[in-house]
Amino acid sequence: MDFVLSGVAACGACLFTNPLEVVKTRMQLQGELQSRGTYQVYYRNVFHAFYTIGKVDGLAGLQKGLAPGLVYQFFMNGVRLGSYAIIESSGYIHTNGRVSALKTTLAGAVAGVVGAVMGSPVYLVKTHLQSQSTSSIAVGHQYKHQGMIHALAAIYREHGILGLWRGSSAAVPRVSVGSAAQLSTFSSSKELVIDLQVFAKDSWLVALSAGMISSVVVVLAMTPFDVVSTRLYNQPVDQLGKGQLYKGFTDCFSKTLRKEGLTGLYKGLGASYFRLGPHTILSLFFWDELRKLYQQYR
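Every value quoted in this text rests on a predicted model; they were computed, and no experiment measured them.

Colleague: Looking at this model, I keep getting lost on the overall build of the protein. Mind explaining?
Modeller: Scanning the protein from terminus to terminus reveals ten helices and two strands. Along the protein, from the amino end to the carboxyl end, the secondary structure elements read α-α-α-β-β-α-α-α-α-α-α-α. Relative to the 2.2 N^0.38 estimate, which gives 19 Å for 298 residues, the radius of gyration of the protein is 19 Å and therefore close to what a compact globule would have. Summarising its shape, the C-alpha atoms of the protein cover approximately 55 × 40 × 35 Å along the three principal directions. By the burial criterion, 54% of the 298 residues in the protein qualify as buried. Within the protein, contacts between residues separated by at least 24 positions form 79% of all contacts whose residues are at least 6 apart in sequence.

So, in structure tokens, the structure goes:
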């Protein structure tokens, strides 16, 4: 039940934040491996990107990749948050009755690795679909998938089962870093808010406040890994399934840093916060409240 509740909570958050995920993906691919000022800027900021995509691709364009997004959230976060919930309820994240920063970080990272590996094929498809757009505002490589099932079948047919896990070398560090930052700060922040007695111990505002604190840390820690992950997943590949732009995580990271500078690794930071921030807050809030309801009525 921990896994189901965690997956449902993440899907609830995804319904609200998927348009921001589309915006974030496009902004991270814009000007890929090009120096500032040498490429056309289709998306000037989060709000302009939102307006441009809605105007050119239509409102449906802002919900591209929703189906794989929901599947990814259910399985990846179901496994990740569910694993963490089991570790937490077993008492492994506490030392002398207090939340241990080291233990929560390690538990969050381990849970993140498991979730990232399981969800990688669907995340690959989600990235491809979210980057697809009308040619006048297209950024990054454009795949011609007709939907989630068609994309999974096409990738499997061309590159075999291993082709579905292309880009997982970036997914694992991305999710493990994000998960460690998210869950350690969420657990510590919840304890802090309770200690300060700002709200009643069982108030829903405790989880909401902790999620808001956690969201800032997550975005700052995760964005460089998120940019690399998006680019590795979306890059064109040859007949053998090898990337034509990057050899792997380290190569993508170093090329982006060399060509675009540190700001290249933080491309779409505003979009990342507008997406990851609300998603972190909502998913952790829904997760905490659903677990309380389940414990109350079981």
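Anyway, onward from the coordinates.
Colleague: I'm lost on the state of the cysteines in this one. Help?
Modeller: What we call a disulfide is simply a covalent bond connecting the sulfur atoms of a pair of cysteines. On inspection of all chains with the given rule, the structure shows zero disulfides. Of all cysteine sulfurs, the one in Cys 14 lies closest to Cys 11, which takes part in no disulfide; the gap is 6.6 Å.

Colleague: I tried to follow the packing of helix H4 (residues 101–131) against helix H5 (residues 148–163) on my own but got confused; where do I start?
Modeller: A pair of packed helices is characterised by two quantities: the angle between their axes and the separation of those axes. At their nearest, the axes of H4 and H5 sit 10 Å apart, and the two run at 125° to each other. The angle between H4 and H5 falls in the class oblique. The crossing of H4 and H5 is right-handed. Residues Pro 121, Val 122, Leu 124, Val 125, His 128 and Leu 129 of H4 lie in contact with H5, whose contacting residues are Met 148, Ala 151, Leu 152, Ile 155 and Gly 163.

Colleague: What exactly am I supposed to notice about the layout of surface pockets here?
Modeller: If a probe the size of a water molecule is rolled over the atoms, the empty space left behind becomes visible. Size it by volume and the largest pocket reaches roughly 650 Å³. Taken together, 26 residues line the largest pocket, and the ones lying closest to its centre are Glu 88, Lys 190, Asp 288, Arg 291 and Lys 292. Going through the elements one at a time, helix H3 (66–89), helix H6 (168–196), helix H7 (204–234) and helix H10 (269–297) are the ones with two or more residues in the lining of the largest pocket. By residue number, the principal contributor to the lining of the largest pocket is H10, which donates six residues. When the residues that make up the lining of the largest pocket are grouped by side-chain class, the tally is ten nonpolar, six polar and ten charged.

Colleague: Help me understand the packing of aromatic side chains in this model?
Modeller: Taken as a whole and judged by the stated rule, the model has eleven aromatic pairs. The interplanar angle of 55° and the centroid separation of 6.3 Å between the aromatic rings of Tyr 84 and Trp 287 together place this pair among those described as tilted. Taken together, the residues Tyr 84 in helix H3 and Trp 287 in helix H10 connect sequence positions 203 residues apart. Take Tyr 84: its relative accessible area is 0%, and that puts it in the buried class. Three or more aromatic residues link up through ring pairs in this structure, and these residues are Tyr 72, Tyr 123 and Tyr 233. We note Lys 126 situated over the ring of Tyr 123; from NZ or CZ to the ring centre the distance is 4.1 Å. Lying across the ring of Trp 287, Arg 291 places its NZ or CZ 4.4 Å from the centre.

Colleague: Looking at this structure, how should I read empty space enclosed by the protein?
Modeller: Applying the stated criterion across every chain yields a total of two cavities of 30 Å³ or more. Lining the largest cavity are 17 residues, with Met 76, Asn 77, Arg 80, Gln 182 and Met 222 sitting closest to its centre. If you list the elements that add at least two residues to the lining of the largest cavity, you get H3, H6, H7 and H10. A class-by-class count of the residues in the lining of the largest cavity yields six nonpolar, eight polar and three charged. Its volume calculated, the second largest cavity comes out at about 50 Å³. Where the lining of the second largest cavity is concerned, the elements lending two or more residues are helix H1 (2–29), H3 and H4.

The rules behind these values
- Residues numbered from 1 in each chain as written.
- Predicted model: local features only at pLDDT ≥ 70, side-chain atom pairs only at ≥ 80, totals over all residues.
- Heavy atoms only, no water.
- Helix = DSSP H or I, 4+ residues; strand = E, 2+ residues; numbered from the N terminus.
- Rg over C-alpha atoms; globule rule 2.2 N^0.38 Å.
- Buried < 20%, exposed > 50% of the residue type's maximum accessible area, 1.4 Å probe, protein only.
- Contact = heavy atoms within 4.5 Å.
- Disulfide = S-S within 2.5 Å.
- Axes fitted to C-alpha atoms, helices over the stretch in contact; angles between N-to-C directions.
- Parallel < 35°, antiparallel > 145°, perpendicular 65-115°, else oblique.
- Left-handed = near helix turned anticlockwise from the far one by under 90°.
- 1 Å grid on protein atoms, 1.4 Å probe; cavity = no way out; pocket = protein on both sides within 12 Å on 5 of 7 lines; lining within 4 Å.
- Points joined across faces, edges and corners; volume = space filled by probe spheres on them.
- Nonpolar A, V, L, I, M, F, W, Y, C, P; charged D, E, K, R; others polar.
- Phe/Tyr/Trp six-rings, centres within 6.5 Å; stacked < 30°, edge-to-face > 60°.
- Lys NZ or Arg CZ within 6 Å of the ring centre and 35° of its normal.

These figures come from the coordinates and say nothing about function on their own.
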